[in-house]
Amino acid sequence: TGIFRNQTEHGFQEGYYPDVGELEGLFEGLQLEVLDRLSVRSLLDARAEATLGLSDDLLAAVHAAAAGVERDPAVLATCGHVLLVAKRPEP
């Protein structure tokens, strides 16, 4: 449903999280052309501690792999934060 109700005293207390398709529809409803959408947090957001101590080369490979799927719909559906890039069409 996208409805969020926090059961604790910490963080956001209520909110609404649209899925990517709904978000795109809102932008298109405003007559904006959707150019791109990508995960802001990526797959690594909740795994930052797991990357501690990796060699520079391995860390670079992990980041490259995460960047390689930042536009995947399955990743967008679970990443928590999506950046949607849109523009006003030329008149």
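Along every chain, residues carry numbers that run from 1 in the direction the sequence is written. For this predicted model, a pLDDT threshold of at least 70 governs which residues receive local features, and a threshold of 80 or more governs which side-chain atom pairs are given and counted, while totals over whole chains, interfaces and linings are taken from all residues. Note that water and hydrogens are dropped before the side-chain values are worked out from all heavy atoms of the structure.

A. Local environment of the overall build of the chain. Within the chain one finds 3 helices and 4 strands. Listed by position from the N terminus, the elements making up the chain come as β-β-α-β-α-α-β. Computed over C-alpha atoms, the radius of gyration of the chain comes to 17 Å, more than 25% over the 12 Å expected from 2.2 N^0.38 for 91 residues, which places it beyond the range of a compact globule. Taken over the C-alpha atoms alone, the chain extends approximately 50 × 40 × 20 Å along its principal axes. Out of the 91 residues in the chain, the part that is buried amounts to 19%. Expressed as a percentage of contacts within the chain between residues at least 6 apart in sequence, the contacts between residues at least 24 apart total 62%. Numbered from the N terminus, helices here are DSSP runs of H or I no shorter than four residues, and strands are runs of E no shorter than two. Put simply, the radius of gyration uses C-alpha atoms, and a globule should come to 2.2 Å times the residue count raised to 0.38. Only protein chains enter the accessibility calculation, which uses a 1.4 Å probe; a residue whose area is less than 20% of its type maximum is buried, one above 50% is exposed, and one in between is partly exposed. Only heavy atoms enter the contact rule, under which two residues are in contact if any of them lie within 4.5 Å.

B. Spatial organisation of helix α1 (residues 20-29). Residues of α1 that are buried: V20, L23 and E24. Mapping the buried residues of α1 onto a view down its axis gives an arc of 100°, with all of them on the same face. Facing away from the buried side of α1 by more than 90 degrees, the exposed set consists of G21 and G29. As for α1, its buried residues are in contact with β3 (33-39), α3 (73-78) and β4 (82-87). Two or three places before G21, at the opening of α1, D19 has a side-chain oxygen 3.2 Å from that residue's backbone nitrogen. Positive phi appears at Q31, one or two residues downstream of α1, with a value of about 60°. In this description, one arc is meant: the one made by directions from the helix axis to the C-beta atoms. A 3.5 Å cut-off defines polar contacts: any pair of N or O atoms within that distance qualifies, except that in protein one atom must be a possible hydrogen donor and the other a possible acceptor, and neighbouring residues in sequence count only when both atoms are side-chain atoms.

C. Summary view of the pattern of salt bridges. Think of a salt bridge as a Lys or Arg side-chain nitrogen and an Asp or Glu carboxyl oxygen that are within 4 Å of each other. If you walk through the whole model with that rule in mind, you get 3 salt bridges. In this structure, R37 and E24 form a salt bridge, with 2.2 Å as the shortest nitrogen-oxygen distance. Remark: E24 occurs in helix α1 and R37 occurs in strand β3; sequence separation between them is 13 residues. In this structure R37 comes out as partly exposed when scored by relative accessible area, which is 24%. What makes E24 buried here is its relative accessible area of 17%. D36 serves as the salt-bridge partner of R71, at 2.7 Å between the closest nitrogen and oxygen. Within this pair, whereas R71 is found in the loop between α2 (56-67) and α3, its partner D36 is found in strand β3, the two being separated by 35 residues in sequence. For R71, a relative accessible area of 42% gives the class partly exposed. By sharing partners, the salt bridges in this structure join D36, E70 and R71 into a single network.

D. Fine view of the side chain of D36. Here R71 takes part through its side chain, which lies 2.7 Å from a polar atom of the side chain of D36. With residues near it in sequence (within four places) discarded, D36 still touches R71, L83, L84 and V85.

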